[in-house]
Amino acid sequence: AQTVTQSQPEMSVQEAETVTLSCTYDTSESDYYLFWYKQPPSRQMILVIRQEAYKQQNATENRFSVNFQKAAKSFSLKISDSQLGDAAMYFCAYRISGGGADGLTFGKGTHLIIQP
Amino acid sequence: GAVVSQHPSRVICKSGTSVKIECRSLDFQATTMFWYRQFPKQSLMLMATSNEGSKATYEQGVEKDKFLINHASLTLSTLTVTSAHPEDSSFYICSARGSWATEAFFGQGTRLTVV
């Protein structure tokens, strides 16, 4: 079974600084997707960034970027120029590619605090 | 963008009764819908996956007779918690994915409290 591990229950960063959230996963599959989701206090799940395992290039979305190390099964999220609105729970998630009927396996989450 | 609406957002029911939660894709056809459960300060756990017109596939440990899932159309899936008990109190979240999409889109979630 696939597992996703987030080893940082909580992280704190000063506004405008950069923070990196860690995620490792375990799978025997070669083709899969990895995601970072943000869950603010409203509890609405918001997709932050997505990475296809077959792509070597790290995904970026504005201030958000990932460091995808397939051999190490590592998928960290870097948030640059942190803003107060970035404060939330962040979940790393995995799903197998293909088939179309596979839900997400989530990590336990990292609570990100932004210090003004 | 793709919008998924979940209703109700909050519900309180008495122990022993049943409650139905709806998940609708408003602007796309959802070939697959997913139901998750989230306990306070915990992660999301996949409960079941449903494809339109087919029986849902439940994850190990999820009682299919307690959590009835119906995916009757390409825009609607329902989760019915039958004979609810206080331990069923939780946050339930659905997501929906179209055949073209890599990611699924999440509803707002439903906070269920069983008293």
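Residues numbered from 1 in each chain as written. Chains lettered and ligands numbered in written order. Predicted model: local features only at pLDDT ≥ 70, side-chain atom pairs only at ≥ 80, totals over all residues. Heavy atoms only, no water.

## Thoughts on the side chain of Arg63 of chain A
All names here are of chain A.
Item 1. Among the secondary structure elements, Arg63 is positioned in the loop between strand E7 (60–61) and strand E8 (64–69).
Item 2. A polar side-chain atom of Arg63 sits 3.2 Å from the main-chain carbonyl oxygen of Asp81.
Item 3. Side-chain polar atoms of Arg63 contact the side chain of Asp86, separated by 2.8 Å.
Item 4. Apart from residues no more than four positions distant in its own chain, Arg63 is found in contact with Lys78, Ile79, Ser80, Asp81, Ser82, Gln83 and Asp86. (Helix = DSSP H or I, 4+ residues; strand = E, 2+ residues; numbered from the N terminus. Polar contact = N/O pair within 3.5 Å; in protein donor to acceptor, adjacent residues only side chain to side chain. Contact = heavy atoms within 4.5 Å.)

## Digging into the state of the cysteines
Item 1. Taken as a whole and judged by the stated rule, the model has two disulfides over all chains.
Item 2. Bridging Cys23 of chain A to Cys92 of chain A, the disulfide has an S-S length of 2.0 Å. Torsion about the S-S bond of the Cys23 of chain A and Cys92 of chain A cystine: about -70°, corresponding to left-handed handedness. Of this pair, Cys23 of chain A sits in the loop between strand E3 (19–21) and strand E4 (24–26) while Cys92 of chain A sits in strand E10 (residues 88–96), placing them 69 residues apart in sequence.
Item 3. One disulfide in the model links Cys23 of chain B with Cys94 of chain B; its S-S distance is 2.0 Å. Given an S-S torsion of about 80°, the disulfide between Cys23 of chain B and Cys94 of chain B has right-handed geometry. With Cys23 of chain B in strand E3 (residues 19–25) and Cys94 of chain B in strand E9 (residues 90–97), the pair connects residues that are 71 residues apart, well separated along the chain.
Item 4. Cysteine Cys13 of chain B shares no disulfide, and the gap to the nearest cysteine sulfur, in Cys94 of chain B, comes to 18 Å. (Disulfide = S-S within 2.5 Å.)

## Section: the pattern of salt bridges
Item 1. Applying the stated criterion across every chain yields a total of seven salt bridges over all chains.
Item 2. Close ionic contact of Asp26 of chain A with Lys73 of chain A constitutes a salt bridge, the shortest N to O distance being 3.6 Å. Residue Asp26 of chain A is found in strand E4, and its partner Lys73 of chain A is found in the loop between E8 and strand E9 (74–79); the two are separated by 47 residues along the sequence.
Item 3. Using a relative accessible area of 41% as the deciding quantity, one classes Asp26 of chain A as partly exposed.
Item 4. Here the residues in one salt-bridge network are Arg50, Glu52 and Lys55 of chain A together with Glu103 of chain B, joined through shared partners. (Salt bridge = Lys/Arg side-chain N within 4 Å of Asp/Glu carboxyl O. Buried < 20%, exposed > 50% of the residue type's maximum accessible area, 1.4 Å probe, protein only.)

## With respect to the interface of chain B and chain A
Accessible area lost on assembly of the parts is the figure often given for the size of an interface.
Item 1. Each partner contributes residues to the interface: chain B has 22 residues there, and chain A has 19 residues.
Item 2. Three residues stand out in chain B for area buried against chain A, namely Thr102, Glu103 and Phe106 of chain B, and they jointly supply 32% of the buried area on that side.
Item 3. Linking chain B with chain A are one salt bridge, by the criterion used here.
Item 4. Taking the shortest distance from any N to any O, the salt bridge between Arg50 of chain A and Glu103 of chain B comes out at 2.4 Å.
Item 5. In this assembly, chain B and chain A are joined by eight residue pairs in polar contact (both at pLDDT 80 or more).
Item 6. Secondary-structure elements contributing two or more residues to the side of chain B that touches chain A are strand E4 (32–38), strand E5 (44–51) and E9 of chain B.
Item 7. The residue makeup of the side of chain B that touches chain A, split by class, is ten nonpolar, nine polar and three charged. (Buried area = accessible area lost by both parts, 1.4 Å probe. Nonpolar A, V, L, I, M, F, W, Y, C, P; charged D, E, K, R; others polar.)

## A word on the nonpolar core
Item 1. Within the largest apolar cluster, 26 residues are counted, with the highest numbers of intra-cluster contacts made by Tyr25, Trp36, Phe75, Leu77, Tyr90 and Leu112 of chain A.
Item 2. Residue assignment for this core shows that the elements contributing at least two residues are E3, strand E5 (32–39), strand E6 (46–52), E8, E9, E10 and strand E12 (110–115) of chain A.
Item 3. Top element by residues in this core is E10 of chain A. It accounts for five residues.
Item 4. Core analysis: the second largest hydrophobic core is formed by 23 residues, Val11, Phe28, Ala30 and Val81 of chain B among them. (Core = buried A, V, L, I, M, F, W, Y, C linked by side-chain atoms within 4.5 Å.)

## What about the environment of Pro40 of chain B?
Residues and elements named next belong to chain B.
Item 1. Relative to the elements of secondary structure, Pro40 occurs in the loop between E4 and E5.
Item 2. On the basis of relative accessible area, Pro40 is assigned to the exposed category, the value being 61%.
Item 3. Sequence spacing of Pro40 and Phe91 is 51 residues, and the spatial spacing of their C-alpha atoms is 7.8 Å.

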